[in-house]
Amino acid sequence: MQFFSLFTTYRELLSELTWREIKQRYKQSILGYAWVILNPLIQMLVMAFVFSKILRVESLGVPYAVFLYVGLLPWNFFSGALAGATGSLVANAGLITKIYFPREVFVLSAILAKVVDLFLALSVLVVFLIYYHISLSWHIVWVVPIFGIQLIFTYGLSLFLAAANLLYRDIQYVLGLGLIVWMYLTPVIYPTEMFPDRYRWIFQINPMAVFINAYRQVILAAGEPNYMSLGIAAVVSTSVLMLGYWFFKKLEGVFADVV
Amino acid sequence: MNKLASAITIQNVSKLYYKQHQRTLKEFIPALLGRNKTHETFWAVKNIDLEVKKGESIGIIGPNGSGKSTLLKLIAGVTQPTSGSISVTGRIAPLIELGAGFHPELTGRENVFLNGVILGMTRAEIEKKFKTIVDFAELWEFIDQPIKHYSSGMYLRLAFAVAIHTDPEILLIDEILAVGDHEFQRKCVTRIEEMKKNKVTIVVVSHSPDLIREHTEHALWLEGGEVKDSGGAKKVVAKYFG
């Protein structure tokens, strides 16, 4: 099937472009890849101070810093991947007008580069989990399928945004604004329980809320995820990917003409 | 395989381009409401018929804006014809604006692999040819430096060296030989002649009458997106430049 050609015929291209993305980013900086860890760490420390010491946000019985970081990591991955993927076609205009291969390779490689960042930033979480003596259970293996579903959702949305951004560059600015609003409507810095009951439905239709709650549940509460919510999120994510892919492929023929 | 098998078949192909004036919604919406023109259309190529057999070489000539590069893009498959049909058999290597797949922050070595994979080689193939590629480019001294420190001549040499070692069945060349020093140009031409002997199909866009006359069998003369003349390279070039 055409959809899977990125993982067969174009596997090497995908990995080559992903590495280019990763290698180029910090080449000119002294600390290099340390920024991938320093960035979320400092962001987390500042936010942890503000929200736990000043605003006194509840954190479900675990230190707020850890509570926050478990939500912040997948959120930062999501927003970084969307931003990178949205600009990926425009950034590769030179290639798009010269040579043919499936264009979604640019979108996916932009996302995969952020996956590598996420793994590095994860090391800080491991340190925190040990430092605060948070006991884990085997439920933590749920992180893998949850992340899988999050990837599907991210890829699907990215396909829409990247194609649309090629037609109108407004998309990348709208995205920046949209992500700020979206983050506040997702339980990243606060627990779901603090959100007004009346508006709680927002979390049900927001797959990112489902993912972040599920991560916290399986990592910090040593429990099972909410299967119902996760199931719905999986269906929504797959639909988003199918629609996104269809939309992307429909426009792909004109990419070289409009870029 | 049939010796006269077709590599490129173009049947009655036309390409209409939209030129959109507004790149953002902020510009687009007022233009739409004010009934200003939001886009213009023009035919970049019109009613083109062309058949290139396997192992043949053809030069495309014509003034600027006559649709030469559009035709090359159509053959490369990066843009779709508005009408008509194109069929291309065989692995294509486009030498259109060399180095599009290069990244300035990466080293020469990293860029060879990146560009090679973009042009359809596998990493294993590139590894095997790496020595030949760098020999051809004569860049051993600088191969582990970021290519942003390269001169434009070095950049071109590396890009050409990669592209020409991809073992394509069809080679598309767009005016690239105009750059680079004389000696390197000769080297490239020699390599192209070698590929011709190996039955590689070659399509060249060039403003150089000598290049077309001496290195391609056929020529296609485009004018305003349409075919003005086609046939033997010597005959068409003589008419065009005469």
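See the structure shown above.
These lines cover the structure that appears in this document, whether it is placed above or below.

Each value, and the rule that gives it
Residues numbered from 1 in each chain as written. Chains lettered and ligands numbered in written order. Predicted model: local features only at pLDDT ≥ 70, side-chain atom pairs only at ≥ 80, totals over all residues. Heavy atoms only, no water. Contact = heavy atoms within 4.5 Å. Buried area = accessible area lost by both parts, 1.4 Å probe. Salt bridge = Lys/Arg side-chain N within 4 Å of Asp/Glu carboxyl O. Helix = DSSP H or I, 4+ residues; strand = E, 2+ residues; numbered from the N terminus. Buried < 20%, exposed > 50% of the residue type's maximum accessible area, 1.4 Å probe, protein only. Phe/Tyr/Trp six-rings, centres within 6.5 Å; stacked < 30°, edge-to-face > 60°. Lys NZ or Arg CZ within 6 Å of the ring centre and 35° of its normal.

The next thing to look at is the interface of chain A and chain B. Contact with chain A, which involves 28 residues of that partner, is made by 33 residues of chain B. Between chain A and chain B lies a buried interface of about 2,600 Å² when both sides are counted; carbon and sulfur atoms form 56% of it. Counting the surface chain A buries against chain B, the share from its top three residues, Glu16, Lys98 and Tyr168 of chain A, is 25%. Summed over the shared surface of chain A and chain B, the number is 3 salt bridges.

What follows concerns the pattern of salt bridges. This model, assessed by the stated rule, comprises 16 salt bridges over all chains. Across the pair glutamate 16 of chain A and arginine 123 of chain B runs a salt bridge, and its minimum N-O distance is 2.5 Å. Within this pair, whereas glutamate 16 of chain A is found in helix H1 (residues 11–25), its partner arginine 123 of chain B is found in helix H4 (residues 123–137), the two belonging to separate chains. On the basis of relative accessible area, glutamate 16 of chain A is assigned to the buried category, the value being 7%. For arginine 123 of chain B, a relative accessible area of 31% gives the class partly exposed. Residue lysine 187 of chain B pairs with glutamate 138 of chain B through a salt bridge whose shortest N-O separation is 2.5 Å. Residue lysine 187 of chain B is found in helix H6 (residues 182–197), and its partner glutamate 138 of chain B is found in the loop between H4 and helix H5 (152–164); the two are separated by 49 residues along the sequence. A relative accessible area of 24% places lysine 187 of chain B in the partly exposed class.

Aromatic ring pairs are reported here in terms of the distance separating the ring centres and the angle at which the planes meet. Residue and element names in this part refer to chain A. Using the criterion set out here, one finds 30 aromatic pairs over all chains in the structure. Between the aromatic rings of phenylalanine 160 and phenylalanine 247, the centroid separation amounts to 5.2 Å while the plane-to-plane angle is 35°, which identifies the pairing as tilted. Taken together, the positions of phenylalanine 160 in helix H6 (residues 143–167) and phenylalanine 247 in helix H10 (residues 227–252) put the pair 87 residues apart, joining distant regions of the chain. According to the relative accessible area criterion, phenylalanine 160 is partly exposed, its value standing at 26%. A relative accessible area of 25% means that phenylalanine 247 is categorised as partly exposed. Measuring from centroid to centroid gives 4.5 Å for phenylalanine 195 and phenylalanine 203, while their planes differ by 35°, and the two rings are tilted. Neither residue differs from the other here; phenylalanine 195 and phenylalanine 203 are each classed as buried. What links up through ring pairs into an aromatic cluster is the set Trp75, Phe78, Phe153, Trp182 and Phe211. Positioned above the aromatic ring of phenylalanine 101 is the side chain of arginine 103, whose terminal nitrogen or guanidinium carbon lies 5.8 Å from the ring centre.

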